[in-house]
Amino acid sequence: MKHHFDVRDMCLTASGGSYIVKYSAELVTSPGTGDVIIDVFNTIPDIVNEELMNLSLEQIRLGVAEVLHEQRLNGTLTLKDFVIHDVDCKPYKFRKPTTDAIRELGSLA
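A brief look at the structure comes next. Please read all numbers here as calculations on a predicted model, not as lab measurements.

So, about the overall build of the chain. If you tally the helices and strands in the chain, you get 2 helices and 6 strands. Computed over its C-alpha atoms, the radius of gyration of the chain comes to 14 Å, within 12% of the 13 Å expected for a compact globule of 109 residues. Reported as C-alpha extents along the three principal axes, the dimensions of the chain are approximately 45 × 25 × 20 Å. Expressed as a percentage of the 109 residues in the chain, the buried residues total 42%. Partitioning the contacts of the chain with sequence separation of at least 6, the portion at a separation of at least 24 is 79%. With an accessible surface of roughly 6,100 Å², the chain has 54% of that area assigned to carbon and sulfur atoms. Placing the 11 positive and 16 negative side-chain charges of the chain at their respective mean positions leaves the two points 5 Å apart.

Encoded structure:
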């Protein structure tokens, strides 16, 4: 099945605790064991810090896999408008909002 969702979580402060988590996604599921493939359609900005992007993608993958494993599904996740901000990107902040957004979709089968 195909599911669409948006993830947006941000905190903007002057004290260095700022972070931005923002992307739109399409998740296609099939029966399985929680395996996840992630494709990035585009990023904002177009040229991003590869290390930050890869660390963030791993947290997204872990968040998706957690829910898919519970539902005995595999998935392919396509990210659109994936924001990677050189200063305010905190990769570890991507997992929980991802998991929460997918859980809000309910059954993915």
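In this structure, Thr-43 sits in strand S4 (residues 43-44). A polar contact is formed between the side chain of Thr-43 and the backbone oxygen of Pro-45, at a distance of 2.7 Å. One polar contact links the side chain of Thr-43 to the main-chain carbonyl oxygen of Asp-46, over a distance of 3.3 Å. The contact partners of Thr-43, leaving out residues within four places of it in the chain, are Val-48, Met-53 and Phe-82.

For the bond from Ile-44 to Pro-45, the omega torsion is 0°, close enough to zero to count as cis. You can see Pro-45 is positioned in the loop between S4 and helix H1 (50-70). Phi at Arg-72 is positive, roughly 55°, even though this residue is not glycine. Relative to the helices and strands, Arg-72 resides in the loop between H1 and strand S5 (73-80). Despite not being glycine, Asp-81 has its phi angle at roughly 50°, a positive value. Along the chain, the position of Asp-81 falls in the loop between S5 and strand S6 (82-83). Relative accessible area serves as the criterion here: at 37%, Asp-81 is assigned to the partly exposed category.

Before going further, it helps to examine the pairing of strand S2 (residues 19-31). Where strand S1 (residues 2-11) and S2 come together, 10 bridges link them in antiparallel fashion. Pairing of Met-10 across the sheet is with Ile-20, part of S2. Pairing of S2 with S5 involves 8 bridges; the strand directions are antiparallel. By the bridge assignment for S5, Thr-29 is matched with Gly-75.

A few words on the pattern of salt bridges. Tallying each qualifying case throughout the model produces 5 salt bridges. Of the charged contacts, one joins Arg-95 and Glu-66 as a salt bridge, the two residues approaching to 3.3 Å between their closest N and O atoms. With Arg-95 in helix H2 (residues 95-104) and Glu-66 in helix H1, this pair connects stretches of sequence that are 29 residues apart. Measuring nitrogen to oxygen at the nearest pair gives 2.7 Å for the salt bridge that ties Lys-96 to Asp-100. Residue Lys-96 and its partner Asp-100 are both found in helix H2; the two are separated by 4 residues, about one turn of the helix. Since its relative accessible area comes to 56%, Lys-96 is described here as exposed. Linked through salt bridges whose partners overlap, the residues forming this network are Glu-66, Glu-70, Arg-95 and Arg-103.

Cut-offs used in this document
- Residues numbered from 1 in each chain as written.
- Predicted model: local features only at pLDDT ≥ 70, side-chain atom pairs only at ≥ 80, totals over all residues.
- Heavy atoms only, no water.
- Helix = DSSP H or I, 4+ residues; strand = E, 2+ residues; numbered from the N terminus.
- Rg over C-alpha atoms; globule rule 2.2 N^0.38 Å.
- Buried < 20%, exposed > 50% of the residue type's maximum accessible area, 1.4 Å probe, protein only.
- Contact = heavy atoms within 4.5 Å.
- Areas by Shrake-Rupley, 256 points an atom, 1.4 Å probe, with all protein chains shown as cover.
- Lys, Arg positive; Asp, Glu negative; His and termini not counted.
- Charge placed at Lys NZ, Arg CZ, Asp CG, Glu CD.
- Polar contact = N/O pair within 3.5 Å; in protein donor to acceptor, adjacent residues only side chain to side chain.
- Pairing = 2+ DSSP bridges.
- Salt bridge = Lys/Arg side-chain N within 4 Å of Asp/Glu carboxyl O.

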